[in-house]
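Overview (structure and organization)
In case you want the letters, here they are:
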Amino acid sequence: MKKYPLFYQKVWKECAKIPSGETRTYGWLASKIGVPGAARAVGTALAKNPFAPQIPCHRVIRSDGGMGGYSASGGVAAKRRMLEREASKNHGTS
DNA sequence: ACTTCGGCGTAAA
DNA sequence: TTTTACGCCGAAG
């Protein structure tokens, strides 16, 4: 069991609070954590996240609406796919 | 639309 | 211990 920085845990926690089909920006998450402007630090936290495919970090996107990157499986492609899948699920249509 | 610089936190040197 | 480099960024030019 490794000890992770408090900042990382905050990020993962907030990230886990994001409802399905919804998306948040890194800056929004950073402000929620308590460090507005640390969008990059937030990205770093998600990048080092040991729960990579487990934590809904794929629901976090850039302020531009882009995916930026994705250190977990599949990369940006998988991220985009999950996002669309959860969004469609929200609509109720397949 | 694209490029450049700035700012935050962590990991590594 | 201090400094440098890095990362799923963001804003400005």
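Relevant structure appears above.
Quick notes on the rules
All residue numbers refer to positions counted from 1 along the written sequence of the respective chain. Labels follow written order: the first chain is A, the first ligand is 1, and so on. Since the coordinates come from a predicted model, pLDDT governs what is reported: local features require at least 70, and pairs of side-chain atoms require 80 or more to be given and counted, while whole-chain, interface and lining totals use all residues. In computing side-chain values, all of the structure's heavy atoms are included and hydrogens and water are not. Numbering of helices and strands starts at the N terminus; helices are DSSP runs of H or I of at least 4 residues and strands are runs of E of at least 2. The reference for a compact globule is 2.2 Å times residues^0.38; the radius of gyration itself is calculated from the C-alpha atoms. The contact criterion used is simple: two residues touch if any of their non-hydrogen atoms lie within 4.5 Å. Here the accessible surface of atoms and residues is derived via Shrake-Rupley with a 1.4 Å probe, and residues count as covered only by protein chains that are part of the display. His is not counted, nor are the chain ends; Lys and Arg add positive charge and Asp and Glu add negative charge. Think of each charge as sitting on NZ of Lys, CZ of Arg, CG of Asp or CD of Glu. To be near a molecule or strand, a residue needs just one of its heavy atoms within 4 Å of it. Whenever two N or O atoms come within 3.5 Å, that pair is a polar contact, provided that in protein one can donate a hydrogen and the other can accept it, and provided that, for residues adjacent in sequence, both atoms are side-chain atoms. Gly falls in the polar group here, along with every residue not listed as nonpolar (Ala, Val, Leu, Ile, Met, Phe, Trp, Tyr, Cys, Pro) or charged (Asp, Glu, Lys, Arg). Using a 1.4 Å probe on the protein chains alone, a residue whose accessible area is under 20% of its type maximum counts as buried, one over 50% counts as exposed, and one in between counts as partly exposed. The rule is short: rings of Phe, Tyr and Trp, with Trp giving its six-membered ring, pair when the centres are within 6.5 Å, and they are stacked under 30 degrees, edge-to-face over 60, tilted in between. Note on geometry: a ring has a charge over it if NZ (lysine) or CZ (arginine) is within 6 Å of the ring centre and within 35 degrees of the ring normal.

Each helix and strand counted, chain A has four helices and two strands in total. In terms of C-alpha radius of gyration, chain A reaches 13 Å, essentially the compact-globule figure of 12 Å for 94 residues. Along the longest, intermediate and shortest principal axes, the C-alpha atoms of chain A span 40 × 30 × 20 Å. Considering only residue pairs separated by 6 or more positions, chain A has 57% of its internal contacts joining residues 24 or more positions apart. Surface exposure of chain A reaches about 6,100 Å², of which carbon and sulfur atoms provide 52%. Within chain A, the 5 negative side-chain charges are centred at a point lying 9 Å from the centre of the 16 positive side-chain charges.

The immediate surroundings of DNA strand B are formed by Pro5, Phe7, Tyr8, Val35, Gly37, Ala38, Arg40, Ala41 and Lys48. Near the protein, meaning within 4 Å, the atoms of DNA strand B are sugar or phosphate in a fraction of 67%, with bases accounting for the rest. Between a sugar or linking oxygen of DNA strand B and a side-chain N or O atom of Tyr8, the distance comes to 3.1 Å. If you list the elements that add at least two residues to the surface near DNA strand B, you get α1 (6-16) and α3 (39-48). No other element matches the three residues that α3 contributes to the surface near DNA strand B. Its residues assigned to classes, the surface near DNA strand B comprises six nonpolar, one polar and two charged.

Turning next to the environment of Arg40. Within the element layout of this structure, Arg40 appears in helix α3. By relative accessible area, which is 74% here, Arg40 ends up exposed.

Two aromatic rings, taken as a pair, are described by how far apart their centres are and by the angle between their planes. A full pass over the atoms with the stated rule returns three aromatic pairs. Among the aromatic residues, those joined into a ring-pair cluster are Tyr4, Tyr8, Trp12 and Phe51. Across the ring face of Trp28, the terminal group of Arg24 is positioned such that the distance to the ring centre comes to 5.1 Å.

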